[in-house]
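Chains, contacts and geometry: an overview
Spelled out from the first residue to the last, the chains are:
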Amino acid sequence: MKNIDDLYGVFQQLVSLTSGVETVILADQGRDAPTGLYATYKPIHIRAYGWSQRRRELTAETAEADPYLE
């Protein structure tokens, strides 16, 4: 995969399976909407810069723990 465009078919199948709608189209193409029920999807490019930061803190328990879990 060199471009997100390569995944459009996968996105269409995923939206179709999760929504139960057979007609799935890419949003914002400037075309007329199809007749009947349809779903749209719009993949957005995201760029991440830097790195994620994680910090751990000890917190007091808020409820008794189940002794079976210990």
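The text that follows walks through the structure, step by step, so that each part is easy to find. (Residues numbered from 1 in each chain as written. Predicted model: local features only at pLDDT ≥ 70, side-chain atom pairs only at ≥ 80, totals over all residues. Heavy atoms only, no water.)

Right, let's get into the overall build of the protein chain. What the protein chain contains, in helices and strands, is 1 helix and 2 strands. Overall, the protein chain shows an N-to-C arrangement of helices and strands of α-β-β. Relative to its length of 70 residues, the protein chain is extended, with a C-alpha radius of gyration of 22 Å against a globular reference of 11 Å. When its C-alpha atoms are laid out on the principal axes, the protein chain stretches across 60 × 35 × 20 Å. Entry remark: accessible area of the protein chain is about 7,300 Å², with carbon and sulfur atoms responsible for 51%. (Helix = DSSP H or I, 4+ residues; strand = E, 2+ residues; numbered from the N terminus. Rg over C-alpha atoms; globule rule 2.2 N^0.38 Å. Areas by Shrake-Rupley, 256 points an atom, 1.4 Å probe, with all protein chains shown as cover.)

This next bit is on the nonpolar core. Within the largest apolar cluster, 5 residues are counted, these being Val15, Val21, Val24, Ala39 and Tyr41. Not counting residues up to four positions away in its chain, the partners in contact with Tyr41 are Tyr8, Phe11, Gln12, Val15, Val24, Ile25, Leu26 and Ala27. (Core = buried A, V, L, I, M, F, W, Y, C linked by side-chain atoms within 4.5 Å. Buried < 20%, exposed > 50% of the residue type's maximum accessible area, 1.4 Å probe, protein only. Contact = heavy atoms within 4.5 Å.)

Attention shifts here to the packing of aromatic side chains. Considering all chains together, one arrives at 2 aromatic pairs under this definition. Arranged with centres 6.1 Å apart and planes meeting at 70°, the rings of Tyr8 and Tyr41 form a pair that is edge-to-face. Of this pair, Tyr8 sits in helix H1 (residues 8-19) while Tyr41 sits in strand E2 (residues 39-41), and the two are 33 residues apart along the sequence. Judged by relative accessible area, Tyr8 falls into the partly exposed class, the value being 23%. Members of the aromatic cluster, connected to one another through ring pairs, are Tyr8, Phe11 and Tyr41. (Phe/Tyr/Trp six-rings, centres within 6.5 Å; stacked < 30°, edge-to-face > 60°.)

Our focus in this paragraph is the pattern of salt bridges. All chains considered together, the criterion is met by 2 salt bridges. Ionic pairing is found between Asp28 and Lys42, a salt bridge with its closest N-O pair at 2.7 Å. Highlighted residues: Asp28 in the loop between strand E1 (24-26) and E2 and Lys42 in the segment after E2, separated in sequence by 14 residues. Measuring nitrogen to oxygen at the nearest pair gives 3.3 Å for the salt bridge that ties Arg55 to Glu57. Since its relative accessible area comes to 56%, Glu57 is described here as exposed. (Salt bridge = Lys/Arg side-chain N within 4 Å of Asp/Glu carboxyl O.)

Structurally, the position occupied by Asp66 is in the segment after E2. Residues Asp66 and Ser52, 14 residues apart in the sequence, show an inter-C-alpha distance of 33 Å.

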